[in-house]
Amino acid sequence: MMLEHGWFAAHLTGHGPVRLSDRALPAVLGRGSLMLDFALMPGETGPLPLLHLGDQSGWTWFLSISLDAQGVLTLVQRQGAAVQALTLDIAQDCAAGGRMRLTFSWDCRTDETRLTLETIDGGQIRQRVGTGAMPLARAELAALAKGRSPAQIGPRVEWLAFGSQMQPVGPGACFAPSTPIATPGGTAPPPV
């Protein structure tokens, strides 16, 4: 698990909430990332709920992430009349199975959202960029960390974490721009 700057808290399945910062949760998080890890058996698809956060009685606000039977990963967020949806076709990744990392990032100032899937075992990255960014409130963040109502964390989710930055994704996110990369042909500068 990452303990980088900007992370507030995490939920570990079987353990519960983990604080990653001494900072208090903000009243509203207008920019941030929600990251979660899950695993699939080779050939497994949905329906598989990964995360649902929200009001189930009137469905006036929610954030839901799930995988359907065709291998499409869907994120839907609603706040009142505002709705956004992002999808990723991960059927090829489902066929291979393995460990997956999903990152949802948003920035209300720039109205940008990103949904990224990294296949940890397969080295693939799929990403969808959208608009319609919506903030998360303190009560929603606390529910995610606790893993309790109004948050429902899917049975295949190993952990989730959230923070105040649009976190970088992919294997290159851990290297400084000048870090040489070992290749079969010898050490090379990083790609630009």
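Before reading further, recall that the structure is shown in the block above.
Every chain's residues receive numbers from 1 upward, in the order its sequence appears when written. Two thresholds apply to this predicted model, a pLDDT of at least 70 for residue-level local features and 80 or more for giving and counting side-chain atom pairs, whereas whole-chain, interface and lining totals are computed over all residues. Excluded from the side-chain calculations are hydrogens and water; all other atoms, namely the structure's heavy atoms, are used.

Strands here mean DSSP runs of E at least two residues long; helices mean DSSP runs of H or I at least four residues long; both are numbered from the N terminus. Looking only at helices and strands, the protein has two helices and 16 strands in total. Taken over 192 residues, the protein has a buried fraction of 42%. By definition in these notes, contact holds between two residues if any of their heavy atoms fall within 4.5 Å. A sequence separation of at least 24 residues applies to 57% of the contacts in the protein between residues at least 6 apart. Accessible area for the protein stands at about 9700 Å²; split by element, carbon and sulfur atoms hold 57% of it. Relative accessibility under 20% of the residue-type maximum defines a buried residue, over 50% an exposed one, and the middle range a partly exposed one, all with a 1.4 Å probe and only protein chains included. Surface accessibility follows the Shrake-Rupley procedure with a 1.4 Å probe radius. Residue values consider only the protein chains on display as shielding.

What is meant by a nonpolar core is a set of buried Ala, Val, Leu, Ile, Met, Phe, Trp, Tyr and Cys residues, joined one to another through side-chain atoms within 4.5 Å. Counting 36 residues, the largest nonpolar core has Leu73 and Leu102 as the members making the most contacts within it. Counting residues in hydrophobic clusters, the runner-up holds five residues, among them Ala10, Met35, Trp159 and Ala161.

The next point concerns the sheet that holds strand β8 (residues 82-89). The strands that make up a sheet are held in pairs by hydrogen bonds between backbone atoms, and each pair lies either parallel or antiparallel. One open sheet accounts for five strands, arranged β8-β7-β6-β5-β13; its pairing is antiparallel. Pairing within the sheet leaves two strands with one partner each, and these edge strands are β8 and β13 (151-153). Averaged over neighbouring strand pairs, the angle between their axes works out to 10° when direction is ignored. Should DSSP find at least two bridges between two strands, the strands are taken to pair. Two strands pair when backbone bridges link them, and strand β6 (residues 61-67) and strand β7 (residues 72-79) are joined in this way by seven bridges, in the antiparallel orientation. Counted as the bridge partner of Phe62 is Arg78 from β7. Against the sheet, helix α2 (residues 138-146) touches β5 (48-54), β6 and β13, its axis set at about 140° to β5. Axis lines are fitted through C-alpha atoms, for helices just across the contact stretch, and the angle between N-to-C directions can take any value from 0 to 180 degrees.

Further remarks concern the environment of Leu36. Along the chain, Leu36 falls in strand β4 (residues 31-40). Using a relative accessible area of 1% as the deciding quantity, one classes Leu36 as buried. Along the backbone, Leu36 and Leu51 are 15 residues apart, and their C-alpha atoms lie at a distance of 9.3 Å.

To continue, consider α2. If you check which residues of α2 are buried, you get Glu140, Leu141, Ala143, Leu144 and Ala145. Immediately beyond the C-terminal end of α2, within one or two residues, lies Gly147, with a positive phi of roughly 70°.

Quick look at the pairing of β6 now. Among the seven residues that make up β6, five are buried, leaving the element largely enclosed by the rest of the structure. Bridging between β5 and β6 involves six bridges; their strand directions are antiparallel. Within β6, the position partnered with Gly54 by the bridge is Phe62. Hairpin connection from β6 to β7: four residues lie between these consecutive antiparallel strands, with Gly71 at a positive phi of about 85°.

No statement about biological role is implied by the geometric values presented.
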